[in-house]
Amino acid sequence: MIRLRWSILGLALAAGLSAAACAAAPRPRAEAPPARVKDSRPERSAALRSAAPASLELEQSDQRWGIDAARERREAEQKKKPPAPPPRGSQSTVIPAPP
């Protein structure tokens, strides 16, 4: 008889705990952090260079191979180039009138 009471009491306790666990309100979700602004290309390359170990000797390598000078020449050439004409699309299509 006592065993029967303990088993009924145990079942009631287990049922009560599982019902309480299922009936609990869901936790509010934390809001996602705001989207991070992407770094520009010069910022990204500067960050990578500053993170590189000093043993790579990037500055000496750049001076030896003329990387900075080549970059400056390329930028100067791009400034000299005239802007490309706009692409011809359906907006500039001329349909001839029927005869």
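Here goes a summary of the coordinates provided. (Residues numbered from 1 in each chain as written. Predicted model: local features only at pLDDT ≥ 70, side-chain atom pairs only at ≥ 80, totals over all residues. Heavy atoms only, no water.)

## Focus on the overall build of the chain
Alright, step 1. Helix and strand counts for the chain come out as 4 helices and 0 strands.
Alright, step 2. Sorting the 99 residues of the chain into buried and exposed places 1% on the buried side.
Alright, step 3. As displayed, the chain has an accessible area near 10400 Å², and 61% of this comes from carbon and sulfur atoms. (Helix = DSSP H or I, 4+ residues; strand = E, 2+ residues; numbered from the N terminus. Buried < 20%, exposed > 50% of the residue type's maximum accessible area, 1.4 Å probe, protein only. Areas by Shrake-Rupley, 256 points an atom, 1.4 Å probe, with all protein chains shown as cover.)

## Here's the deal with unusual backbone geometry
Alright, step 1. Phi is positive for E57, which is not a glycine, with a value near 50 degrees.
Alright, step 2. Among the secondary structure elements, E57 is positioned in the loop between helix 2 (41–51) and helix 3 (58–65).

## Notes on the side chain of D62
Alright, step 1. Within the element layout of this structure, D62 appears in helix 3.
Alright, step 2. For D62, a relative accessible area of 7% corresponds to the buried category.
Alright, step 3. Apart from residues lying up to four places away in sequence, D62 is in contact with R49, I67 and D68. (Contact = heavy atoms within 4.5 Å.)

## Structural notes on the pattern of salt bridges
Alright, step 1. Under the criterion given, the structure shown has 3 salt bridges.
Alright, step 2. Notably, a salt bridge pairs D62 with R49, separated by 2.5 Å at the nearest N-O pair. One end of the pair, D62, is in helix 3; the other, R49, is in helix 2, with 13 residues separating them in the sequence.
Alright, step 3. Between R71 and D68 there is a salt bridge, with its nearest N and O atoms 3.0 Å apart. Of this pair, R71 and D68 both sit in helix 4 (residues 67–80), 3 residues apart, roughly one helical turn.
Alright, step 4. Salt bridges linked by common partners bring R49, E59 and D62 together as one network. (Salt bridge = Lys/Arg side-chain N within 4 Å of Asp/Glu carboxyl O.)

So far we have only geometry, and geometry alone does not tell us how the molecule works.
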